[in-house]
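Here's the letter readout for the chains.
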Amino acid sequence: MTTTDSLTPHPVLRVAPAAPAEAAAHFRASLVFHADVSDVAAALGADGDPGFVVLDSRSTDAWEQGHIPGAVHLPTALIPGQAGQLLDRSVPVVTYCWGPGCNGATRAALALAELGYQVKEMLGGFEYWVREGFEFENWEGRERRTADPLTAPAGSDDCGC
């Protein structure tokens, strides 16, 4: 190892972390735009109105494969023409699509925000809803799969985060 190698930081710190105040502002802003699957499930499972509506922005074929119970189905391309008939502008909307490898929920959230809706994107999408063991429905009825231990703690609905 040369002297130069010992002075070159590894990739993690090659760009220094933000100052704490900057980091706090960034992460606070992130929470303004995103909700996670577990928090959405907890809010929907609690007694009373969760204070938001969940919107599935996928195709009809995807919706029929499975969706979150109680979600509104509105594919992204149809949002400009149909959102006003299906959604109340005074109620925040939480969008979801397939999963973390899909930006459909982001596009749907953008379309809704441009129409004047308060909106958040559900991180993980339908994939993580199912992987975390939450109930979903399809044309056959309601179903629940065993939680994937890589995405949810075994034997608990609370990951502690």
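Quantities reported herein were computed from a predicted structural model and do not represent experimental measurements.

### Points about the overall build of the chain
Line of reasoning, step 1. When helices and strands are tallied, the chain shows 8 helices and 7 strands.
Line of reasoning, step 2. On C-alpha atoms alone, the chain measures out to a radius of gyration of 19 Å, which is more than a quarter above the 15 Å that the 2.2 N^0.38 rule sets for 161 residues.
Line of reasoning, step 3. Taken along its principal axes, the extent of the C-alpha atoms in the chain is 65 × 40 × 30 Å.
Line of reasoning, step 4. Taking all 161 residues of the chain together, 35% fall into the buried category.
Line of reasoning, step 5. In the chain, of all internal contacts separated by at least 6 residues, the share reaching a separation of at least 24 is 62%.

### Thoughts on the nonpolar core
Line of reasoning, step 1. Of all hydrophobic cores here, the largest spans 17 residues; its most connected members are V40, V54, I68, A71, Y96, M122 and W129.
Line of reasoning, step 2. Elements that contribute at least two residues to this core include exactly α4 (37-45), β4 (93-96) and α8 (125-131).
Line of reasoning, step 3. In this structure, V54 is in contact with V40, L44, I68, A71, V72, V94 and Y96, ignoring residues within four places of it in sequence.
Line of reasoning, step 4. By size, the runner-up hydrophobic cluster in this structure holds 14 residues, among which are A83, A108, L112 and Y117.

### Examining the environment of S30
Line of reasoning, step 1. Its location among the elements puts S30 in helix α3 (residues 20-33).
Line of reasoning, step 2. Residue classification places S30 among the partly exposed residues on the basis of a relative accessible area of 27%.

### Here's the deal with the sheet that holds strand β1 (residues 34-36)
Line of reasoning, step 1. The parallel open sheet is built from 5 strands, whose spatial order is β1-β5-β4-β2-β3. Of all the strands in the sheet, just β1 and β3 (72-73) have a single pairing partner and so form its edges.
Line of reasoning, step 2. Across 4 bridges, the pairing between strand β2 (residues 53-56) and β4 is parallel. Along β4, the bridge assignment pairs V53 with V93.

### What to know about the pattern of salt bridges
Line of reasoning, step 1. Under the criterion given, the structure shown has 6 salt bridges.
Line of reasoning, step 2. Linking E135 and R142 is a salt bridge whose minimum nitrogen-to-oxygen distance equals 2.8 Å.
Line of reasoning, step 3. Across the pair E143 and R145 runs a salt bridge whose closest N-O atoms are separated by 3.3 Å.
Line of reasoning, step 4. The network of salt bridges with common partners includes E127, R131 and D148.

### Observations regarding the pairing of β2
Line of reasoning, step 1. Side chains of β2 alternate between two faces, with V53 and L55 and V54 and D56 buried alike.
Line of reasoning, step 2. Relative to β3, β2 runs parallel, the two being bridged by 2 bridges. Paired with D56 across the two strands is H73, which belongs to β3.

### Considerations on the packing of aromatic side chains
Line of reasoning, step 1. Inspection of every chain in the model, using the stated rule, returns 4 aromatic pairs.
Line of reasoning, step 2. On the basis of an interplanar angle of 25 degrees and a centroid distance of 6.4 Å, the ring pair of Y96 and F126 is categorised as stacked. Of this pair, Y96 sits in strand β4 while F126 sits in helix α8, placing them 30 residues apart in sequence.
Line of reasoning, step 3. The interplanar angle of 45 degrees and the centroid separation of 5.1 Å between the aromatic rings of W129 and F134 together place this pair among those described as tilted.
Line of reasoning, step 4. Here W129 falls in the buried class, since its relative accessible area comes to 4%.
Line of reasoning, step 5. Taken together, Y96, W98, F126 and F136 form an aromatic cluster joined through their ring pairs.

How each quantity is defined
- Residue numbers run consecutively from 1 along every chain, following the written order of its sequence.
- Where totals are concerned, whole chains, interfaces and linings use all residues; where local detail is concerned, this predicted model gives features only for residues with pLDDT of at least 70, and gives and counts side-chain atom pairs only at 80 or more.
- By convention in this description, side-chain values take in all heavy atoms of the structure and omit both hydrogens and water.
- Working definition: helices are DSSP H or I runs of at least four residues, strands are E runs of at least two. Numbering for both runs from the N terminus.
- Values of the radius of gyration come from C-alpha atoms, whereas the globule rule sets the reference at 2.2 Å times the count of residues to the power 0.38.
- To sort residues, take the accessible area from a 1.4 Å probe on protein chains only and compare it with the maximum for the residue type: under 20% means buried, over 50% means exposed, and anything in between is partly exposed.
- Only heavy atoms enter the contact rule, under which two residues are in contact if any of them lie within 4.5 Å.
- Think of a nonpolar core as a cluster: buried Ala, Val, Leu, Ile, Met, Phe, Trp, Tyr and Cys residues, connected wherever their side-chain atoms sit within 4.5 Å.
- For two strands to be treated as a pair, DSSP must find no fewer than two bridges joining them.
- Whenever Lys or Arg places a side-chain nitrogen within 4 Å of a carboxyl oxygen from Asp or Glu, that contact is recorded as a salt bridge.
- Centres within 6.5 Å are what make two rings of Phe, Tyr or Trp a pair, Trp counting through its six-membered ring; a difference in plane orientation under 30 degrees is then read as stacked, over 60 as edge-to-face, and the rest as tilted.

No statement about biological role is implied by the geometric values presented.
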